[in-house]
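The residues making up each chain are set out below.
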Amino acid sequence: MTTRSASVSPVVAVAGAGVFGALASMLTIVLGPAIQPSFPILFYLKFDLAEVVDIIAFFVFGPVAGVLTATVHLVILSFAPGGTGPFGASLKFLAVLTTYAGLVLASRVGRQSLRRAGLSMTTSSLVTRVLLMTVVNYVYIIVLAKALFNTDYAFFAQLVLGQAGINLTGSELVAYILGLTAVYNAIHAIFSVVVSLVVVSALLNRAPQLLDSRAWVTNHLLRTSE
């Protein structure tokens, strides 16, 4: 198996993170609902194609640059006109970070074939995102939504569920919200990781001179040659 030691330089990684973070933000702000289909029942949960850009940056430049990309995404969405504001942007930021956590765990196994790496990355990211974001969403619903963002998240979700004929209160309401949101996060993790991997593997096949020996994903996850 060929050993790969080259990596993207720090300057390139930082510059790439800035560009990818801005691109992800612009996709959300400019295209908005056109690339954000809603999750059934809890329609305020959106499948965001911009998240794929964050994960591609992680695959190409590595974890540190991936976090920087997500941070740029967070800042722009929080404060730019047409953004989601701090509440939605911070939840998106944490969702991306918990997906990253699964990718890092998958890399501990070592490089594998595309199919095996894809399966391990998707499974690991699904688990870390669902588990960690369930805790995050509980804290947001119960504590932070009102205290920091002046948003009654649970009441709004209750109204949305009521429109679907689901009338719940108290702990049952919170459990139902968290359960549906966990399903949403599981689906989104699969979508984001698989699409990102397809894009990066296509780049590796079509322009190997650009990424083959330098991209983080080929140094830590994908076995591209024997």
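Quick note: structure is the one above.
Residues numbered from 1 in each chain as written. Predicted model: local features only at pLDDT ≥ 70, side-chain atom pairs only at ≥ 80, totals over all residues. Heavy atoms only, no water.

K.L.:
Report on the pattern of salt bridges, specifying residues and quantitative values.
P.N.:
A complete count under the given rule lists three salt bridges for this structure. Across the salt bridge formed by glutamate 51 and arginine 129, the nearest N and O atoms sit 2.4 Å from each other. Within this pair, whereas glutamate 51 is found in helix α2 (residues 50-61), its partner arginine 129 is found in helix α5 (residues 114-149), the two being separated by 78 residues in sequence. Using a relative accessible area of 0% as the deciding quantity, one classes glutamate 51 as buried. The network of salt bridges with common partners includes Glu51, Lys92 and Arg129. (Salt bridge = Lys/Arg side-chain N within 4 Å of Asp/Glu carboxyl O. Helix = DSSP H or I, 4+ residues; strand = E, 2+ residues; numbered from the N terminus. Buried < 20%, exposed > 50% of the residue type's maximum accessible area, 1.4 Å probe, protein only.)

K.L.:
Provide a residue-level description of empty space enclosed by the protein, including the pertinent values.
P.N.:
Scanning the entire structure with this criterion turns up one cavity of 30 Å³ or more. Considered as a void within the structure, the largest cavity measures approximately 30 Å³ in volume. In terms of lining, the largest cavity is formed by Asp54, Ala70, His73, Leu74, Ala89, Lys92, Phe93 and Val96. Every element with two or more residues in the lining of the largest cavity is listed here: α3 (63-79) and α4 (85-107). It is α4 that provides the largest number of residues to the lining of the largest cavity, a total of four residues. (1 Å grid on protein atoms, 1.4 Å probe; cavity = no way out; pocket = protein on both sides within 12 Å on 5 of 7 lines; lining within 4 Å. Points joined across faces, edges and corners; volume = space filled by probe spheres on them.)

K.L.:
Any chance you could break down the packing of helix α6 (residues 153-163) against helix α7 (residues 170-206) for me, citing the residues and the numbers?
P.N.:
Where α6 contacts α7, the axes come no closer than 10 Å and their chain directions differ by 80 degrees. The orientation of α6 relative to α7 falls into the category roughly perpendicular. Together, Tyr153, Ala154, Ala157, Gln158 and Leu161 of α6 and Leu173, Tyr176, Ile177 and Leu180 of α7 make up the contact between the two elements. Looking at the contact of α6 with α7 residue by residue, the class counts come to eight nonpolar, one polar and no charged. (Axes fitted to C-alpha atoms, helices over the stretch in contact; angles between N-to-C directions. Parallel < 35°, antiparallel > 145°, perpendicular 65-115°, else oblique. Contact = heavy atoms within 4.5 Å. Nonpolar A, V, L, I, M, F, W, Y, C, P; charged D, E, K, R; others polar.)

K.L.:
Please provide a residue-by-residue account of the environment of methionine 133, values included.
P.N.:
Tracing the sequence through the fold places methionine 133 in helix α5. For methionine 133, a relative accessible area of 2% translates into the label buried. If sequence neighbours within four positions are ignored, methionine 133 has contacts with Leu91, Leu94, Ala95, Thr98, Thr128 and Asn185.

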